Amino acid sequence: MIEVCGVGQRAGGRRTLRDVSLSIGAGQLVAIIGGSGAGKTTLLDAIAGVRPPAEGEVRYDGENGALGYVPQDDIVHMEMPLRRTLRYAAGLRLPSGTPPERVERAVDDVLEALALTERAGQRVGSLSGGERKRASIAVELLTRPRVFFLDEPTSGLDPATAADLMRLLRGLADSGTAVVLTTHHPPDVLACDRVAVLAQDGRLVFYGEPDEAAERFGADGIEDIYLRLAEAETHDWEGRFGASQAPAAGPGIGAFGQWALLTRRSLDLLTRNRLTLAVLAGSPLMVLAMFAVLFRPGAFAPESPSPGATVMILFWIAFGGFFFGLTYGLLQICTELPVLRRERLTGLRIGPYVLAKTAVLLPLLAVVDALMLGVLRGLDRLPAMGWSTYGELFVTLLLCSLAALALGLLVSAAVTDPAQATMALPMLCFPQVLFVGAILPVPVMAAPGRWLSYAMSNRWAFEGLGHSLGVERLWATGRSPLGPPLLDSYGGTFSRAVVLDWALLGGFAALFLAGTCLVLTRRT
């Protein structure tokens, strides 16, 4: 039994719900209806605990059990086959230590119950709208929830598919689960035991049986249309749910287990998206080709150094590491926020989620950074030095990429869609170009610019690379007449020990990752 007692809610200074009270019994199918803006989703979220009410309370009585929640957005990844998607979902939702064969049995049961067995091998993105909605429901049914919430499950579906889905939910309720849904499709109401009608100001104006609601609100014609659609289908949803023997919910896997599972899933998603792979592989190759065309060989030659060229080479290497890390991270989170929000309700920790993204992308960045240094050395754009020097260069560049990756993840967590993340790219890059100290040395910048340069992670990568390659010694001892004056304008820019630059870059990475966790905790 769920008791909703005097629930009220506010949003943006406006009351969206007013003193709503109702009760929902086990095995009941309840619809929440009303006009746009009446507060249907707000009430659903309050009952489900997604956004606790500002006034009143919601009480649950009875045995403990899992809670299922399906928002309007799909909560399944589009790139993977359906069965594989459900396996990952089961790994997060089922109790720790669940045997693999039981996981497979749970997946098979929900596929069969939702008539999706024949679609198990298909990519989720290729499924029809109704099948994707059933796939989202399948994710929640893995633990056989005692209470199930759905936000407009029939939205965007054709009438026959919508009626089919409502019969599915009717069968789920008949098997003992309380099901609560919002809808703007009046025929959905006839499959329900109770209907709650919200007025435009968020007040509950009716709660009772659909027949009584139909009589009160004059919906005779709509009921007749819905009954004809219902009679056209013969799926025995109740029988399918009755035969399902999914595992009960229990303590989930720990933080390390979540990290390992999410790392595998992120890698799986990455390898299945060919366009993303092409961009990840193609952009470094394109940048390397531009570097080879832009810079002449021998800029670091001790007998005839080119101070201006060395500064630009150092800067663009550092900026390349920054750019790759930023672009790799920008689209990682904003594209799957609906999935993350739902998984948070099942006990997913934010820390393992963010670290899983880092664990997948950082090795790719390490390969790109090593390739960039190797190619530039092979083309004589970098000087011949020992392995220790190039080891320092690699660590500096990798930490630069890590800090930029963390910044990209932070922005991806803060925006609402990929378009906003894409628009943020130039705004994040331009300061890293202007205030790093390559175009204009930091010592000769105006005071505000000098202070701003401290916040540029790319500055410390640029200076660390210069220290490892010994540009101070190169400019001071070389026979180029431009050496000493140029060196004077940079002051002690490259004199700091490289480990200090590493510490600063690591601090930026830790700060941005912590910020990502905080933003995601607030948003989910």
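Conventions adopted
- Residues numbered from 1 in each chain as written.
- Predicted model: local features only at pLDDT ≥ 70, side-chain atom pairs only at ≥ 80, totals over all residues.
- Heavy atoms only, no water.
- Pairing = 2+ DSSP bridges.
- Helix = DSSP H or I, 4+ residues; strand = E, 2+ residues; numbered from the N terminus.
- Axes fitted to C-alpha atoms, helices over the stretch in contact; angles between N-to-C directions.
- Expected span 1.5 Å × (residues − 1).
- Buried < 20%, exposed > 50% of the residue type's maximum accessible area, 1.4 Å probe, protein only.
- Contact = heavy atoms within 4.5 Å.
- 1 Å grid on protein atoms, 1.4 Å probe; cavity = no way out; pocket = protein on both sides within 12 Å on 5 of 7 lines; lining within 4 Å.
- Points joined across faces, edges and corners; volume = space filled by probe spheres on them.
- Nonpolar A, V, L, I, M, F, W, Y, C, P; charged D, E, K, R; others polar.

**Focus on the sheet that holds strand S2 (residues 14-24)**
Then comes step 1: Spatial strand order, S2-S1-S4: three strands in an open sheet with antiparallel pairing. What marks the edges here is a single partner per strand, and that holds for S2 and strand S4 (55-60). Recorded for the sheet is a direction-independent mean angle of 20 degrees between the axes of neighbouring strands.
Then comes step 2: Bridge count between strand S1 (residues 2-11) and S2: seven bridges; the pairing is antiparallel. If you follow valine 4 over to S2, its bridge partner there is leucine 22.

**Focus on helix H20 (residues 498-523)**
Then comes step 1: Taking 1.5 Å per residue, 26 residues should reach 38 Å; H20 reaches 38 Å between its end C-alpha atoms and fits that length.
Then comes step 2: Listed as buried for H20 are Val498, Asp501, Leu505, Phe508, Ala509, Phe512, Leu513, Gly515, Thr516 and Leu520.
Then comes step 3: As for H20, its buried residues are in contact with helix H12 (337-344), helix H13 (350-378), helix H14 (387-414) and helix H17 (457-468).

**A closer look at the layout of surface pockets**
Then comes step 1: Space inside the largest pocket adds up to approximately 810 Å³.
Then comes step 2: Around the largest pocket sit 29 residues that line it, and Asn273, Thr276, Leu331, Gln332 and Thr335 are the ones nearest its centre.
Then comes step 3: Residue assignment for the lining of the largest pocket shows that the elements contributing at least two residues are helix H9 (255-272), helix H10 (274-294), helix H11 (307-330), H12 and helix H15 (418-434).
Then comes step 4: Looking at the lining of the largest pocket element by element, the count peaks at five residues for H10.
Then comes step 5: Classifying every residue of the lining of the largest pocket by side-chain character gives 16 nonpolar, nine polar and four charged.

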